[in-house]
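Single-letter residue listing:
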There are 2 protein chains.
Amino acid sequence: MVSSKLKSEILKIDQIITDAAEGADEMLVNEVIKHIAKAGGKRLRPLFTLISAKIFSDSNENAVSLAAAVEFVHTATLLHDDVVDESSVRRGLQTANDLWGNKTSILVGDYLFSQAFKLMIKTESLQALNCLAAASSLISKAEVSQLRLIGMVEMQIDDYVKLVTEKTAILFAAACQVGAIVSGAKDHEVDHLYAYGLNFGIIFQIIDDYLDYFGQEESLGKQIGGDFLENKVTLPIILLKNHCSEAEKDFLSQVFARSDIKSADELSKIINLLNKYDITTAIKSIANKYLEKCLSALELLPQNEFVHHMDMLAQDSLQRMR
Amino acid sequence: MVSSKLKSEILKIDQIITDAAEGADEMLVNEVIKHIAKAGGKRLRPLFTLISAKIFSDSNENAVSLAAAVEFVHTATLLHDDVVDESSVRRGLQTANDLWGNKTSILVGDYLFSQAFKLMIKTESLQALNCLAAASSLISKAEVSQLRLIGMVEMQIDDYVKLVTEKTAILFAAACQVGAIVSGAKDHEVDHLYAYGLNFGIIFQIIDDYLDYFGQEESLGKQIGGDFLENKVTLPIILLKNHCSEAEKDFLSQVFARSDIKSADELSKIINLLNKYDITTAIKSIANKYLEKCLSALELLPQNEFVHHMDMLAQDSLQRMR
């Protein structure tokens, strides 16, 4: 089983996180990092780095360092995101900004960014460093774009895909890419893994945005409707706007332009509209398009158990949709 | 003249900043970076990178990239600092957080951090990358410590020097260090420049903290008493506590423990106490101790005009005190 073969590497990543917390020599940094580590999460991004590396060679310390670096970049982004979104709950736990304040979250996020770069440098792979620096630069740029696009119901599917690619998918792509790089993959193989990660990441965000309207709060670990409350225009709304009547379109424009607090009735009305026009099916069809790209990127790689596992992970990801 | 010899390099740094703004392909990032560039500042840190490089060799593209990287790390730190400190004015201009909100400042700060790393990677010097990653990790850790130490009048001079070393001096040290590294300096020469930068940075922050009570608002570009308003315990207060009466000590403990808004009278009372015990002289004497270390670090370097210029910069820095 692939997951049992990766168990020791995953444990090493947990150890690197603990070391970063304790090595900070500052109790507040230590506390915050340990709190985030407790929330855990799926560690999906570092897993992709490890699997991508395993496709081409066996155990590899550099892959572990890069996987941990990827997780640190992700965690730093989450800390800053929660400040930006004023979130109070993530993965069922109180957020760091809610517990220690925005200031601490900003600075511990910065600390984790630096730790990520220290881990990358340790591998001495300038190519991997380049990939991850480019990815984190694109992520922060895209997060600024996202702020600018708040309330913009005029957004089109292409705008959405660009945003999602840059803010989410690029880190999945880089995670796969750097695993392959430090494992001696050929250039075209690195490119295929990048394509896999990028398309996986697009699906991942499409489903996340779908679940923000249709998910179960217990399994999400947060309230539904968060994007609506923050006036974030996501794929469900873009597709709805392309299907609904003029009057319903006016309602959407008006409600997403308002900056005051929305009512539960308004959220229900939107969910009813999404159901009325069967937006779920439209989203599934788009996600399936990216799934095809995802799977075909794997076809030109060595067909071993690790590639099959990646194939399965991509297919499984769509199962999060009802 | 040293400054004329560095003119073209300084212009290149300005160009790199403009390129980073325009290359972002996001108008909000572009606007914010251009606003910060307008505020300018002394570009002291990148200057140290350039001068340190020039001591050992002539024009060097890598030194320019690293100098720009140092400036980006500094600017990113300022953007996040202004959010943390809730500042509305810096260098006489409205701060980015005041103009575009905290969210944008956090994310553009992250973007600049990534740009800094991209510039460092371009030089392909893992040693320089290590120095700057270690420095930025220490800076964010120290900023968290600073938050924890708010209102702590029990702070001693040693605690203050540790904090100032890690949050401010380390970037001056790294700026000098990386300039020397990419210019082919020997290890002991790199170490001397590091020591110069570190001690320069300590003096720099000591004087900044002095000017926060004794500066002229026009030349500072911000109001005096900012540290007091934020309950930041700095060298003037630590020294004052070591000299004043028990009743005055109680006043200090009480006023720095309070989180409500302070009155102008309270600030005047503190400034009067600082004058009463001639804290300026005590600060000068401490700053002079670091100036000696700063200058002696230069003695074992090649005695050329660039080293002489660094000597002069250190001596001049103390002139900011009356």
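For every chain, the first residue of the written sequence is number 1, and numbering continues from 1 onward in sequence order. Working convention: letters from A go to chains and numbers from 1 go to ligands, in the order in which they are written. Local features in this predicted model are restricted to residues whose pLDDT is 70 or higher, and side-chain atom pairs enter the listing and the counts only when it is 80 or higher, whereas totals over whole chains, interfaces and linings include all residues. Water and hydrogen atoms play no part in the side-chain values, which are based on all heavy atoms of the structure.

What am I meant to see in the interface of chain B and chain A here?
Interface extent is often summarised as the accessible area lost during association of the parts. When checking whether two residues touch, look at their non-hydrogen atoms; a contact exists if any pair is within 4.5 Å. At the junction of the two partners, chain B supplies 39 residues and chain A supplies 39 residues. Summed over both partners, the accessible area (1.4 Å probe) lost when two parts come together is defined as the buried area. Carbon and sulfur atoms make up 73% of the surface buried where chain B meets chain A, a total of about 3,700 Å² over both sides. Contact with chain A buries surface across chain B, with Leu107, Ile121 and Val144 of chain B losing the most and accounting together for 16% of the total. A pair is scored as a salt bridge if a Lys or Arg side-chain nitrogen falls within 4 Å of a carboxyl oxygen belonging to Asp or Glu. The interface formed by chain B and chain A holds 6 salt bridges in total. A salt bridge links glutamate 26 of chain B to arginine 148 of chain A, with the nearest nitrogen and oxygen atoms 2.7 Å apart. Side-chain atoms alone can form a polar contact between residues adjacent in sequence; in general such a contact is a pair of N or O atoms within 3.5 Å, and within protein one must be able to donate a hydrogen while the other accepts it. Where chain B meets chain A, there are 13 residue pairs in polar contact (both at pLDDT 80 or more). Sort the elements by how many residues they give to the side of chain B that touches chain A and helix H8 (residues 126–148) of chain B lands first, with 14 residues. Residues are sorted three ways: Asp, Glu, Lys and Arg are charged, Ala, Val, Leu, Ile, Met, Phe, Trp, Tyr, Cys and Pro are nonpolar, and all the rest, Gly among them, are polar. Class assignment for the residues of the side of chain B that touches chain A results in 19 nonpolar, 9 polar and 11 charged. Per the convention used, a helix needs a DSSP run of H or I reaching at least four residues, while a strand needs a run of E reaching at least two, with both numbered from the N terminus.

Would you mind showing me how to read the relation of the copies chain B and chain A here?
For these two chain copies, the linking operation is a rotation about an axis paired with a shift along it. Alignment of the copies relies on least squares applied to C-alpha atoms, considering only residues that score at least 70 for pLDDT in both. The transformation that overlays chain B on chain A combines an axial shift of 0.0 Å with a rotation of 180 degrees, and the residual RMSD is 0.0 Å. Classification of the inter-copy transformation places it as that of a two-fold axis. A symmetric contact is evident, with 100% of the interface residues of chain B recurring at the interface of chain A.

Explain unusual backbone geometry to me, please; I cannot follow it from the model alone.
Most peptide bonds are trans, and most residues other than glycine sit at a negative phi. Residues and elements named next belong to chain B. The phi dihedral of aspartate 25 is positive, around 55 degrees, even though this residue is not glycine. Inspection of the secondary structure assignment puts aspartate 25 in the loop between helix H2 (7–23) and helix H3 (27–39). Using a 1.4 Å probe on the protein chains alone, a residue whose accessible area is under 20% of its type maximum counts as buried, one over 50% counts as exposed, and one in between counts as partly exposed. Judged by relative accessible area, which is 52%, aspartate 25 ranks as exposed. You will see that aspartate 278, though not glycine, has its phi angle at about 45 degrees, which is positive. Looking at where aspartate 278 falls in the secondary structure, it is placed in the loop between helix H15 (264–276) and helix H16 (279–298).

Which parts of the structure should I look at to understand the nonpolar core?
Across soluble globular proteins, nonpolar side chains show a tendency to be buried alongside one another. If you look at the biggest cluster of nonpolar residues, it comprises 249 residues, and the most contacted ones within it are Tyr196 of chain A together with Tyr196 of chain B. Beyond its immediate stretch of four places on either side in the chain, tyrosine 196 of chain B contacts Phe48, Cys176, Cys294, Ala297, Leu298, Met310, Leu313 and Ala314 of chain B. Note on terminology: a nonpolar core comprises buried Ala, Val, Leu, Ile, Met, Phe, Trp, Tyr and Cys residues joined through side-chain atoms within 4.5 Å.

Which parts of the structure should I look at to understand the environment of phenylalanine 256 of chain B?
All names here are of chain B. Note that phenylalanine 256 resides in helix H14 (residues 246–257). Considered as a pair, phenylalanine 256 and asparagine 231 are 25 residues apart in the sequence and their alpha carbons are 5.2 Å apart. Contacts of phenylalanine 256, omitting those with residues within four sequence positions, involve Gly151, Val153, Tyr213, Phe228, Asn231, Lys232, Val233, Ile237 and Ile270.

Would you explain the packing of helix H4 (residues 44–56) of chain A against helix H10 (residues 187–214) of chain A in this entry?
When two helices pack together, their arrangement is given by the angle between the helix axes and the distance between those axes. All names here are of chain A. Two elements in contact, H4 and H10, have axes whose closest approach is 12 Å; the angle formed by their N-to-C orientations is 155 degrees. For the element pair H4 / H10, the angle class is roughly antiparallel. You can see that H4 and H10 cross each other, and the crossing is right-handed. Each of Leu44, Arg45, Phe48, Ser52, Ile55 and Phe56 in H4 lies in contact with H10, whose residues at this interface are Glu189, Leu193, Tyr196, Phe200 and Phe204. A breakdown of the residues in the contact of H4 with H10 according to their chemical character gives 8 nonpolar, 1 polar and 2 charged. Axis definition: a line fit to C-alpha positions, over the contact stretch in the case of helices; interaxial angles, taken between N-to-C directions, run 0 to 180 degrees. These descriptions rest on fixed angle ranges, namely under 35 degrees for roughly parallel, over 145 for roughly antiparallel, 65 to 115 for roughly perpendicular, and the rest for oblique. Whether a crossing is left-handed or right-handed is set by the direction in which the near helix is turned from the far one by less than a right angle, anticlockwise for left-handed and clockwise for right-handed.

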